[in-house]
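Summary of the model geometry
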Amino acid sequence: MANILNIETSTEVCSVALTSEGQVLDHRENYEGQTHATMLSQYVKEMLDYARSREIKLDAIAVSIGPGSYTGLRIGLSEAKGLAFGLNVPLIGVSTLQLMAVSTMFNHFIDEENVLYVPMIDARRMEVYTAAYAPSLEAVLEPQAMILDEHSFDALLDKGHTLILMGNGSDKARQVLTRDGVRFVEGVKPVAVDMMALAEKAYREKAFIDVAYSTPLYLKEFQAIKPRNPVLGL
């Protein structure tokens, strides 16, 4: 039986969940955004206190490794590495895009044929982080940063696939993807409680990441935004 502490900080949601063999034992979530640096450590402490009070020994730490917010990913992975090292347990990296696809599969009934799940995380302007997954989680379109236009998924749609789009980047897709075969699922956010299936699978397969040298999956270089000068309007 694997007891896993799951951490998800890739978007505006800060969340932590303690899971064991298909059950969520306890969890915390904050949807207010920009709270990761202040809330994550407190949530982790509460999960550890819960585990100690019930004499639950943690077997692994799982963390969502991106793509997503540069700052959020760094905060989450740093916390997860410290926990894994301090507790001497393995570290599991969960793809944020796969996490969103799995959440949609488990929580929404999709009555369509030849379905592909297309998670989208907002980047800048008309850009998103995205991929396309079969129900088996095989990547039909590898994770990438994509600038959306009306032809972005023509190759998949031309093959007769139905695309199920979700995530905070899918609002951009609504503006340009008007072909038949595109469906949208609302309200899908990457959260720690939905990491359970992927984290337990990785634990069974011993698919661990390096505690010292693993890095987030950014997909593109960080670009700092120069602040506007309030006086000059620049």
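Here goes a summary of the coordinates provided. (Residues numbered from 1 in each chain as written. Predicted model: local features only at pLDDT ≥ 70, side-chain atom pairs only at ≥ 80, totals over all residues. Heavy atoms only, no water.)

Applying the stated rule across the entire model yields 12 salt bridges. The salt bridge involving R28 is made with D26; its shortest N-O contact spans 2.9 Å. Residue K220 is joined to E127 by a salt bridge in which the shortest nitrogen-to-oxygen separation is 2.7 Å. Of the two residues, K220 is situated in the segment after α6 (196-204) and E127 in strand β7 (residues 127-133); the sequence distance between them amounts to 93 residues. Comparing K220 with E127, the two get one shared label, buried. Shared partners join several salt bridges into a network, and the residues in it are D26, R28 and E46. (Salt bridge = Lys/Arg side-chain N within 4 Å of Asp/Glu carboxyl O. Helix = DSSP H or I, 4+ residues; strand = E, 2+ residues; numbered from the N terminus. Buried < 20%, exposed > 50% of the residue type's maximum accessible area, 1.4 Å probe, protein only.)

Right, let's talk about the layout of surface pockets for a bit. Of the pockets and cavities examined, the second largest pocket occupies roughly 220 Å³. Lining the second largest pocket are 13 residues, and of these Q98, L137, L198, K201 and A202 lie nearest its centre. Elements with a contribution of two residues or more to the lining of the second largest pocket: β5 (91-95) and α6. Looking at the lining of the second largest pocket element by element, the count peaks at four residues for β5. Taken together, the residues of the lining of the second largest pocket sort by class into seven nonpolar, four polar and two charged. (1 Å grid on protein atoms, 1.4 Å probe; cavity = no way out; pocket = protein on both sides within 12 Å on 5 of 7 lines; lining within 4 Å. Points joined across faces, edges and corners; volume = space filled by probe spheres on them. Nonpolar A, V, L, I, M, F, W, Y, C, P; charged D, E, K, R; others polar.)

Alignment of strand β9 (residues 162-166) against strand β10 (residues 182-185), held across four bridges, turns out to be parallel. Bridging across to β10, L163 finds its partner in V182. Tracing the backbone out of β9, into helix α5 (residues 170-176) and back to the parallel element β10 gives a crossover that is right-handed. (Pairing = 2+ DSSP bridges. Right-handed = clockwise from strand over helix to strand, strands pointing away.)

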